[in-house]
Structures are given as C-alpha cells and as structure tokens.
Amino acid sequence: MSEFVVELDGRRVTVREGTTVLGAARQAGVFIPTLCRREELAPYGGCRLCLVESEGRGGRKLVASCVHPVEEDLVVRTRSGKIDRLRKLLLELFLAHAPEAAVLRELGREYGADATRFVGEGSFCVHCGLCVRYCAQVEKKDAVGFVERGTKKEIAFVPEIASRECAACKRCFPLCPTSYLQAAYVLIQGLAFPAGC
Ligand code: SF4
Ligand code: FES
C-alpha cells in the first residue's frame with residue numbers, strides 16, 4: 001500500500017493510503033474536535049465539527065476530516081477564522097438542544113459559542129447517530145434507530161427488540177454526548193415494557 005506525505009498546520013506527516021485527514025492529524029498529534037466519530041464505527045460524517053480546509057487536487061475546500069481521505073501533497077489547515085466560525089455556529093446549534101452537555105460546553109468555550117444564541121430545542125438529541133450505529137454495527141441488534149426526517153428526526157427504541165436486549169446491554173449509553181439516549185430508554189421502558197413485563 002502506498003504512503004503519502006501530507007502537511008497539517010505546517011507539520012509534514014507520512015501516512016498510509018486510505019488514511020483519513022483526521023487519522024493523519026491524530027498521527028501528527030494535531031487535535032481536531034469530533035462528535036460523531038468513533039474508531040470502532042464506520043465513518044459517518046454527520047456532525048461536521050471536524051471540518052478542516054484542505055488544498056489538493058480538487059483545489060481548496062472545506063471537508064469533514066473524519067471521512068476525507070488523504071492524497072499526496074495535501075495541505076490541511078485545522079484552524080482558521082472561517083473554520084472557527086463554522087465550529088462555533090455548529091456548537092451553538094448543538095447547545096440549543098443540550099445546553100448542559102459537558103462535552104458541548106467544553107468545546108463551546110474553546111470556540112466562544114453562545115449557548116443562548118438559538119431558541120432552545122425540544123429534544124436534547126443532537127443526532128450524532130452514535131447510539132444507532134453502535135447498536136447496529138457492534139451489537140448487531142438494531143434496538144434503536146432514527147425515525148422521521150429533517151427537524152422532526154428523532155431516535156427511537158424498537159420496543160420488541162429493546163425489551164429483549166437492552167436491559168443486559170446498555171453499552172451505547174456512555175456514547176451519548178447529551179444523555180438523551182438514557183432518557184429515551186427510561187421513557188420507552190416505562191411505557192412499553194415496564195419492569196416485570
Ligand atoms: S440519543 Fe445521544 S447518541 Fe443517540 S443520536 Fe441522539 S445525541 Fe447521539
Ligand atoms: S466527527 Fe467528522 S463529521 Fe462528525
């Protein structure tokens with residue numbers, strides 16, 4: 001397999017073909033914030049928090065570093081006024097869902113996000129998809145999934161599967177950045193399969 005030399009914030013790093021920009025950054029010790037990425041799950045590219053500026057064959061563009069593969073002589077900037085403004089905006093949108101979420105508050109401080117900029121959302125799920133993908137890809141149970149689309153998009157447990165599988169598992173719980181998952185589980189448990197049913 002070929003190796004490529006790429007430049008990240010002025011640091012040159014040699015990485016294997018197929019490595020993502022995020023992978024190259026981690027190899028080079030350059031921090032890029034992420035929300036929906038986990039090593040054990042297939043890349044998703046949902047939250048866009050890992051946006052970086054890349055300059056390569058396709059010219060200069062903003063890419064999600066967790067899904068964008070490196071190429072020879074790619075030049076990447078992980079911080080700039082534009083990147084920081086976009087991350088700030090994304091964090092403000094997430095914080096409108098979950099203003100108390102520790103991971104969002106910490107990143108929000110880093111990027112100067114105002115948690116009150118947008119009207120608070122009814123649901124504190126930020127649609128990172130970690131719970132849905134973990135259950136499908138690692139546990140292979142599909143006990144939780146997304147329902148509806150657009151602004152109505154929500155996660156929901158499938159009662160027939162969740163009543164059978166979740167009590168002894170719950171390994172997706174620590175993945176949720178906002179604790180919405182735990183709340184949704186308690187609700188479905190109370191409504192659809194109260195203890196003992
Ligand atoms: S419930 Fe939590 S883990 Fe699942 S999609 Fe929403 S924020 Fe992400
Ligand atoms: S971490 Fe890359 S899009 Fe979410």
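Each value, and the rule that gives it
- Residues numbered from 1 in each chain as written.
- Chains lettered and ligands numbered in written order.
- Predicted model: local features only at pLDDT ≥ 70, side-chain atom pairs only at ≥ 80, totals over all residues.
- Heavy atoms only, no water.
- Salt bridge = Lys/Arg side-chain N within 4 Å of Asp/Glu carboxyl O.
- Buried < 20%, exposed > 50% of the residue type's maximum accessible area, 1.4 Å probe, protein only.
- Near = heavy atom within 4 Å.
- Nonpolar A, V, L, I, M, F, W, Y, C, P; charged D, E, K, R; others polar.
- Core = buried A, V, L, I, M, F, W, Y, C linked by side-chain atoms within 4.5 Å.
- Contact = heavy atoms within 4.5 Å.
- Pairing = 2+ DSSP bridges.
- Helix = DSSP H or I, 4+ residues; strand = E, 2+ residues; numbered from the N terminus.
- Axes fitted to C-alpha atoms, helices over the stretch in contact; angles between N-to-C directions.
- Phe/Tyr/Trp six-rings, centres within 6.5 Å; stacked < 30°, edge-to-face > 60°.
- Expected span 1.5 Å × (residues − 1).
- Arc of directions from axis to C-beta.
- Domains from an automatic or database assignment.
- Buried area = accessible area lost by both parts, 1.4 Å probe.

**With respect to the pattern of salt bridges**
Counted by the stated rule, this structure contains 14 salt bridges. Among the ionic pairs, Arg37 bridges to Glu39, the shortest N-O distance being 4.0 Å. Residue classification places Arg37 among the buried positions, given a relative accessible area of 18%. Overlapping salt bridges, with partners in common, bring together Arg26, Arg37 and Glu39 in one network.

**Comments concerning the site of ligand 1**
Within the structure, ligand 1 sits among Cys125, Val126, His127, Cys128, Gly129, Cys131, Ile155, Cys176, Pro177, Thr178, Tyr180 and Leu181. Of the residues in the shell around ligand 1, the class split is nine nonpolar, three polar and no charged.

**Here's the deal with the nonpolar core**
Judged by nonpolar contacts, the single largest core of 40 residues is most densely connected at Leu49, Leu91, Phe94, Leu104, Ile155, Phe157 and Leu181. Residues within four places of Leu49 in sequence aside, it is in contact with Pro33, Thr34, Leu35, Arg87, Leu90, Leu91, Phe94 and Leu107. Residues Val15, Val21, Ala24 and Val63 belong to the second largest nonpolar core, which totals 20 residues.

**Brief notes about the sheet that holds strand S4 (residues 59–64)**
With mixed pairing, five strands are arranged side by side in an open sheet as S2-S1-S5-S3-S4. Each edge of the open sheet carries a strand with a single partner, namely strand S2 (11–16) and S4. Neighbour-to-neighbour, the strand axes of this sheet turn through a mean angle of 30°, independent of strand direction. The pairing of strand S3 (residues 51–56) with strand S5 (residues 75–77) spans three bridges and is antiparallel. Along S5, the bridge assignment pairs Glu53 with Arg77.

**Quick word on the packing of aromatic side chains**
If you walk through the whole model with that rule in mind, you get four aromatic pairs. Ring-pair connections join several aromatic residues into one group, and the members of that group are Phe157, Phe173, Tyr185 and Phe193.

**A word on the pairing of strand S6 (residues 144–147)**
Looking along a regular strand, one sees side chains alternate from face to face of the sheet. For S6 and strand S7 (residues 154–157), the ladder comprises four bridges, and the chain directions are antiparallel. For Val147, the partnering residue across the bridge sits in S7 and is Glu154.

**Focus on helix H6 (residues 180–192)**
Taking 1.5 Å per residue as the helical rise, H6 with its 13 residues ought to reach 18 Å, and the 18 Å between its terminal C-alpha atoms agrees with that figure. Within H6, burial applies to Tyr180, Leu181, Ala184, Tyr185 and Ile188. Summarising the axial view, the buried residues of H6 lie within an arc of 130°, below the 170-degree limit, and thus occupy one face. With respect to the buried face of H6, the exposed residues turned more than 90 degrees away are Val186 and Leu187. On its buried face, H6 sits against helix H4 (130–139), S6, S7 and helix H5 (159–165).

**Examining the domain arrangement of the protein chain**
If you check the domain split of the protein chain, you get domain 1 (3–77), domain 2 (80–122) and domain 3 (130–192). Spacing between the C-alpha centres of domain 1 and domain 3 amounts to 30 Å. Facing seven residues of domain 1, the contacting portion of domain 3 comprises nine residues. Taken together, the two surfaces of domain 1 and domain 3 that pack against each other cover about 710 Å², and 63% of this comes from carbon and sulfur.

**Focus on the pairing of S2**
Pairing geometry for strand S1 (residues 3–8) and S2, over six bridges, is antiparallel. In the strand pairing of S2, Glu7 is matched with Arg12. Here S1 folds back onto S2, and the loop between the two strands holds two residues, one of which, Asp9, carries a positive phi near 50°.

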